[in-house]
Amino acid sequence: MIHGLKPVLTMVLVQIISTGMTISYKLAINDEMNLRILIAYRSIFATLFIAPIAFFVERGVRPKLTWTILFQSFLCALFGFSLSQNMYIESMHLTNATFPAAMTNLIPGITFTLAVIFRLESLRFKSLEGKLKVGGTVFGIGGAMLLTFYRGVELPIWSSDLLHIQHQLKHVSGITPLGAMLAVGSCVSYSIWLIIQTKLSQSYPCYYSSTALIVSMASIQSSGFALCTVRDWSEWKLGWNVRLFSAIYSGVVASGVMITLIAWCVKVRGPLFASVFSPLGLVLVALTGSVLLNEKLHLGCVIGGVLIAIGLYFVLWGKARELKRLARLMPVTNSTDSEAQSEASTSNANDDNNHAMIKNGEDKDDNNLAMIKNGEDAV
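For clarity, every value in this text was computed on a predicted model and none was experimentally measured. (Residues numbered from 1 in each chain as written. Predicted model: local features only at pLDDT ≥ 70, side-chain atom pairs only at ≥ 80, totals over all residues. Heavy atoms only, no water.)

The next subject is the overall build of the protein chain. Tallying secondary structure elements over the protein chain gives 13 helices and zero strands in all. Taking all 379 residues of the protein chain together, 42% fall into the buried category. Here the analysis covers contacts within the protein chain between residues at least 6 apart in sequence; of these, 89% occur between residues at least 24 apart. Carbon and sulfur atoms form 66% of the exposed surface of the protein chain, whose accessible area is close to 20,200 Å². (Helix = DSSP H or I, 4+ residues; strand = E, 2+ residues; numbered from the N terminus. Buried < 20%, exposed > 50% of the residue type's maximum accessible area, 1.4 Å probe, protein only. Contact = heavy atoms within 4.5 Å. Areas by Shrake-Rupley, 256 points an atom, 1.4 Å probe, with all protein chains shown as cover.)

Core analysis: the biggest nonpolar cluster contains 56 residues, and M11, L38, W193, W236, I262 and F277 have the highest contact counts within it. Within the residue set of this core, elements represented by two or more residues are α1 (2-30), α2 (35-57), α3 (67-94), α7 (177-203), α8 (207-229), α9 (242-269), α10 (271-275) and α12 (299-329). Here this core gets nine residues from one element, more than from any other, and that element is α2. (Core = buried A, V, L, I, M, F, W, Y, C linked by side-chain atoms within 4.5 Å.)

A complete count under the given rule lists three salt bridges for this structure. Of the charged contacts, one joins E129 and R321 as a salt bridge, the two residues approaching to 3.8 Å between their closest N and O atoms. On the criterion of sequence distance, the pair formed by E129 in helix α6 (residues 128-149) and R321 in helix α12 is long-range, its members being 192 residues apart. (Salt bridge = Lys/Arg side-chain N within 4 Å of Asp/Glu carboxyl O.)

For the protein chain, per-residue confidence averages 78 on the pLDDT scale, and 76% of positions sit at 70 or higher. Long-range and interchain partners of residues 332-351, a stretch whose pLDDT sits below 50, account for one contact in this model, where long-range means more than four residues apart. The model gives residues 371-379 a pLDDT under 50, and that stretch makes zero contacts with residues more than four places away or in other chains. (pLDDT = per-residue confidence, 0-100.)

Relative to the helices and strands, I16 resides in helix α1. On the basis of relative accessible area, I16 is assigned to the partly exposed category, the value being 46%. Once the C-alpha coordinates of I16 and V285 are considered, the two residues, 269 residues apart in sequence, prove to be 8.7 Å apart. If near-sequence neighbours (up to four positions away) are discounted, I16 is found in contact with Y249 and L284.

It is worth spelling out the packing of α3 against α7 at this point. In the contact formed by α3 and α7, the axes pass within 8 Å of each other and the chain directions differ by 160°. The orientation of α3 with respect to α7, classified from their angle, is roughly antiparallel. Like other packed secondary-structure pairs, α3 and α7 cross with a definite hand, here left-handed. Class assignment for the residues of the contact of α3 with α7 results in 17 nonpolar, eleven polar and two charged. (Axes fitted to C-alpha atoms, helices over the stretch in contact; angles between N-to-C directions. Parallel < 35°, antiparallel > 145°, perpendicular 65-115°, else oblique. Left-handed = near helix turned anticlockwise from the far one by under 90°. Nonpolar A, V, L, I, M, F, W, Y, C, P; charged D, E, K, R; others polar.)

Another aspect to go through is empty space enclosed by the protein. Counted according to the given criterion, the structure contains one cavity of 30 Å³ or more. Size it by volume and the largest cavity reaches roughly 70 Å³. Lining the largest cavity are P108, G136, T137, G140, I141, V276, P279, L280, I308, G311, L312 and V315. Mapped onto the lining of the largest cavity, the elements with two or more residues apiece are α6, α11 (278-292) and α12. Tallied by class, the residues present in the lining of the largest cavity amount to eight nonpolar, four polar and no charged. (1 Å grid on protein atoms, 1.4 Å probe; cavity = no way out; pocket = protein on both sides within 12 Å on 5 of 7 lines; lining within 4 Å. Points joined across faces, edges and corners; volume = space filled by probe spheres on them.)

This next bit is on a nonpolar patch on the surface. On the surface, F55, F56, V57 and Y208 cluster together to form a nonpolar patch covering roughly 410 Å² of accessible area. The greatest single-element share of the nonpolar patch, amounting to three residues, is contributed by α2. Residue position: V57 is located in helix α2. (Patch = residues over 30% accessible without salt bridge, like charges linked within 9 Å, V, L, I, M, F, W, Y side chains within 5 Å.)

Here it is in C-alpha cells:
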C-alpha cells in the first residue's frame, strides 16, 4: 500500500512546492522584479543545483547520450519551461492574475486528449476505468473553474497577514484576445511537455541527469529571451533581498527538485496522472493566500475544492483498476517463488537419484545372495 501511494504523495508534494513558487512570484512582483529575468535566474540556479548531483549520483549508470535524447531534452526545456512560463507571465500582464491561473485548469483535459492521441493512455470509455478517468477529469476541471470564477459568500474562518505584501500587478480592463491566446498556449505547452517527458523517461531513465539536461537548455533559452527583451542591466542585479530568495527557491526547489519528481511520476504512472493534480494547486494557493496574505476565503473555493477532490479520487480509482487489469493480463513471476520451485525440483531429483541408487544396491545384494546360494548348492 505504501509503495502504491508513492506517486500520489509525490504529486501532492509537487503541488505544495508549486504553491510556494506562486508565493515567491508574488513576493517578486511586490518588489517590482521583472518576471522574465526571474525565469532566467530560475533556470540558471536550477542548473547549478542539479548538475553536480546528476554527475556524481548517476555516474556509471547513465545510458549513452544520443542526438535523440538531446533533442527530446531541448523540446522539454522549450515547452515545459521557456514557452509555458513566459507565455503565462505575459498573459498575466495582458489580462489579470486570475485569468491565466484559471486557464491552467485545462491542463488535465488537454493532456488526456494528447495522451489518447499518442496512445499513452487508453480511453476504453465503455469500461468502468475509462468512465472514471473521463468523469474525474471533468469534475476536476469543473471544480477548478468554479473555484476561480464563483466567489459566493465570504467565510470568516481566520484572519492573518504574515507576509504583509500587496499585489502590485498591473490590472487590465477586460480580457484581451492575445492574453487569452497566450494563457491557452501556456497550458498546451505544458501538456506537450508531459507527453515528451514520458518519451524521454523511457529512453533515458536517469531522472537527475534528464532534469539537468532540461534546465541547462532552458537556462540558455530563457536567458537569451530575457536579454533580448530587457535591456536595462540594473534589472538583473540581485542582493540579499526578496529577489534572491525568489530566484533560489524557484530554481532549486521549484525546478531542480520538482521537475525530477514529475519526471519520475510520469515514468511510473503516465502524463495524465501527473496532470490531474494541477487543480489541487489552486486549492493550496487559495488556502495559503488566506493564511499568509490575508486573502479572503469564499464559499466557491470550498465547493470547488470538494469537486476537485472528487475528480481526483475518480481518476486515481480508474488508474488503480487499469493497473490491476494490466497485472492480470501480464502476471509477474515472483523470483522467490521461482527459486523455491527450482530448489524443490532439484531436491526431488536428488531424492529420485537416491532412491534409484538404493534400489540398485538392493538388486546387487540380491544378486550376491543368489550367487552364494548357488555356490552352496554346488558344494
